[in-house]
2 protein chains.
Amino acid sequence: MNLLTATPASVRQTPTVLIRGTGLLGTSIGLGLRADGHQVLLSDPSATAQAIAADIGAGTILERAAAETAPEIVVVAAPPEATAAEVAAALVRFPEAVVLDIASTKAEILATLLHLTQDDDAALTRTDLSRYVGTHPMAGREKSGPVAARGELFTSMPWVICPAVDPATGEQLSAPQAVEWAEELGRRLGATVHQMDPVRHDESVALISHLPQIAASLVASRLQDAPVSALALAGNGLRDVTRIAASDPGLWVQILSSNARPVVEILYGLRQDMERLISTLEAPRAPGGQADIAQLIAEGNSGVTRVPGKHGAPPQSFAVLTVIVDDKPGQIAAVLNDVATIGVNVEDLRMEHSAGHQVGMVELSVLPGRRDELADAMTELGWKVVLS
Amino acid sequence: MNLLTATPASVRQTPTVLIRGTGLLGTSIGLGLRADGHQVLLSDPSATAQAIAADIGAGTILERAAAETAPEIVVVAAPPEATAAEVAAALVRFPEAVVLDIASTKAEILATLLHLTQDDDAALTRTDLSRYVGTHPMAGREKSGPVAARGELFTSMPWVICPAVDPATGEQLSAPQAVEWAEELGRRLGATVHQMDPVRHDESVALISHLPQIAASLVASRLQDAPVSALALAGNGLRDVTRIAASDPGLWVQILSSNARPVVEILYGLRQDMERLISTLEAPRAPGGQADIAQLIAEGNSGVTRVPGKHGAPPQSFAVLTVIVDDKPGQIAAVLNDVATIGVNVEDLRMEHSAGHQVGMVELSVLPGRRDELADAMTELGWKVVLS
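Residues numbered from 1 in each chain as written. Chains lettered and ligands numbered in written order. Predicted model: local features only at pLDDT ≥ 70, side-chain atom pairs only at ≥ 80, totals over all residues. Heavy atoms only, no water.

The name given to chain A in an unreviewed UniProt entry is Prephenate dehydrogenase, with the source organism recorded as Nesterenkonia sandarakina. Turning to chain A, the UniProt record has this under Pathway (unreviewed entry): "Amino-acid biosynthesis; L-tyrosine biosynthesis; (4-hydroxyphenyl)pyruvate from prephenate (NAD(+) route): step 1/1." Annotation of chain A in UniProt includes, under Catalytic activity (unreviewed entry), the sentence "prephenate + NAD(+) = 3-(4-hydroxyphenyl)pyruvate + CO2 + NADH". (UniProt positions renumbered as here; feature names shortened; annotations may be inferred.)

Rendered as structure tokens:
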């Protein structure tokens, strides 16, 4: 079946999918698609990784598959820096197949592919790119490798679809049917699909993913020589800001260098704000100093209100109350049982940490209208409740 | 009773406490001490704030109290910039009382007090400072004012006790008994008490509290003009890094300007790292560039491992598994019931957010040894489990 003549809307089909690269993401895609009834073929430069992925049920190793089973979709799940070459190879080797990649940045890969079509030695033609669609599933884990893979990894996560566009002319290169199949794949894996131009995608992730990563790493690296007595005072503020600083250097080298321009543009603005703050703090009592500091914090206030919360709702649309519990099994469950009995839905839930203490604080976010009602009912049931 | 002749260890006593400043923290201290059996007197420049605090049961308004009830402890809970003057006034007006303050920074207030003792017009003497102890309860809320006050606010939170020390001579000015009463007060309010030199305290909070606040505000302010399509891709990374950017500008102006030197010293180091990253990203493919980026992320890795988790345990000492649930009342409770039945203690719990999706992801942190056992048991019970 040639997918360019059939859209997902036109028929319910489960195309045969080849996963090239059986790391965490590739193997997870394989597991998810198998669960959805697709035939999945696997291929990886590492025979071991390929074998593990097959063993845990992500698909059949390509070489072992019957010769006549040609993939209708190829998903290139290679490391970012190897992706463009793998996409080109797949487009040439499987002249009928729709080829997707899942790398974290999109413009540089597209530029490399366009460059290859102008190279006479390369077998890749501009027409081949009608079968290429760049995508970016925004799901990851601290762990990597096929063993860590899970078919549910993409559930409820954003998956960005970037149809190939010629930056020079603005002409869309990806065929509409290929784009539809890319979106369908994301939906079948439970993701929330977004469509975006490659350049706009890279600018977006620079801001909402690469900037926070850099900030977390910069702050965390200041802690390397911090006295233990200082760290003992750490609260959720420090924990939240530095959590993602535990990311993989090898991966981030590839992500940041492939998106250097959009990231550095943002860092220029950040540096300006920081320079202003530094010179203010060098003479905090000088005229205007107080106003400068207040402005920085106020700008942060207005920026953070734009970060969507659960289901895209702004964070401040929820009211928070904290229940104090003993730190023993079943306590949180007991709290939530009572909340459920009272009939209020918990929109968000967090544990308050505190070093060296055995009391837990369960932070419940609920719709503002239900907050006081819930607090009163919980207090009546004997819980220690703190509103915030 | 003169507290300088009686330590908490020597007798169980509930001294009369005057709270000067009935905002969120002052009123919360009043409520907590009342619950512990103390007589509490209240005083605030704002008659309204004072009346509200009394109405919700934080204590008796000072002017209305019987003339003979003199406070044995005075807690100055004024705004940071008003604290030193209020402490001096209290030391002079109540020549028998131990006087504490609760401002977020300590060295500047102490310097101001020492300066006042050298001022002939001021009635304050160096001897008076034996009755002064600086403290910093590390608890706060988004809301402010007496109405938001709760006696449990300090439960399991750090409370730093900073005995007054002459920076010139290193001589401790606070009397040992006064220090003991300051610590006792924190313990009676359920806090975890730490003792620290004022300068060391200010350096510590600059690193673990003021730096994360600045980073969160700087990142969040970059989002002010971000396109909605970009923000729709936001994940927990951005949410975690920017959460505390919602703080009060008025308060942070006072905190940062009173701790400008330690903060700016840290920002110099941060700026150096950022300059290095910027010049690397301006030519990411230049020799050494990749190594530079990898080093920044790696330094963040080693820094974040030093942030203590719950009960002071390092974060990576817990294993995480995610349970996927429908977004309806009672689901999280159902999950935790089953976890409790299986008999595994949940060390930490978070909801995974996802814009525009109705599936919830409950992230459970457990001891690594119990993780797989719990995952298997939960899967058997029919839950969708993702390890991470």
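Residue and element names in this part refer to chain B. Assignment of secondary structure puts L124 in the loop between α4 (107-117) and β6 (132-137). Take L124: its relative accessible area is 4%, and that puts it in the buried class. Spatially, the C-alpha atom of L124 lies 8.1 Å from that of A89, the residues being 35 residues apart in sequence. Ignoring anything within four residues of it in the chain, the contact list for L124 reads A88, L91, V92, L113, L116, T117 and L129. (Helix = DSSP H or I, 4+ residues; strand = E, 2+ residues; numbered from the N terminus. Buried < 20%, exposed > 50% of the residue type's maximum accessible area, 1.4 Å probe, protein only. Contact = heavy atoms within 4.5 Å.)

Now for the interface of chain A and chain B. Facing 132 residues of chain A, the contacting portion of chain B comprises 131 residues. Buried area between chain A and chain B, both sides added, is near 12300 Å², and the carbon and sulfur share of it is 66%. When the buried area of chain A at its contact with chain B is split by residue, A:R222, A:L233 and A:R306 rank highest and sum to 6% of it. At the boundary of chain A and chain B, one finds eight salt bridges. Among the salt bridges present, the one from B:R285 reaches A:E108, with a minimum N-O distance of 2.9 Å. Remark: the boundary between chain A and chain B carries 29 residue pairs in polar contact (both at pLDDT 80 or more). The leading source of residues in the side of chain A that touches chain B is helix α10 (residues 260-282) of chain A, at 17 residues. Split by residue class, the side of chain A that touches chain B holds 68 nonpolar, 34 polar and 30 charged. (Buried area = accessible area lost by both parts, 1.4 Å probe. Salt bridge = Lys/Arg side-chain N within 4 Å of Asp/Glu carboxyl O. Polar contact = N/O pair within 3.5 Å; in protein donor to acceptor, adjacent residues only side chain to side chain. Nonpolar A, V, L, I, M, F, W, Y, C, P; charged D, E, K, R; others polar.)

What follows deals with the sheet that holds strand β7 (residues 158-163) of chain B. Residue and element names in this part refer to chain B. Here we have eight strands laid out as an open sheet, ordered β3-β2-β1-β4-β5-β6-β7-β8, and mixed in their pairing. The open sheet has two edge strands, β3 (60-61) and β8 (192-195), and neither has a second partner. The sheet contact formed by strand β1 (residues 17-20) and strand β4 (residues 73-76) spans four bridges and is parallel. Bridging from a neighbouring strand, V17 pairs with I73 of β4. Contacts from helix α3 (residues 80-93) reach β1, β4, β5 (98-101) and β6, with the element oriented near 170° to β5. The sheet strands contacting helix α6 (residues 198-221) are β6 and β7, and the helix crosses β7 at an angle near 145°. (Pairing = 2+ DSSP bridges. Axes fitted to C-alpha atoms, helices over the stretch in contact; angles between N-to-C directions.)

A separate point is the packing of α10(A) against α6(B). Packing of α10(A) against α6(B) leaves a shortest axis separation of 10 Å and a crossing angle of 135°. The orientation of α10(A) relative to α6(B) falls into the category oblique. The two elements α10(A) and α6(B) cross, and the hand of that crossing is right-handed. Each of A:L270, A:D273, A:M274 and A:L277 in α10(A) lies in contact with α6(B), whose residues at this interface are B:I214, B:L218, B:V219 and B:S221. (Parallel < 35°, antiparallel > 145°, perpendicular 65-115°, else oblique. Left-handed = near helix turned anticlockwise from the far one by under 90°.)

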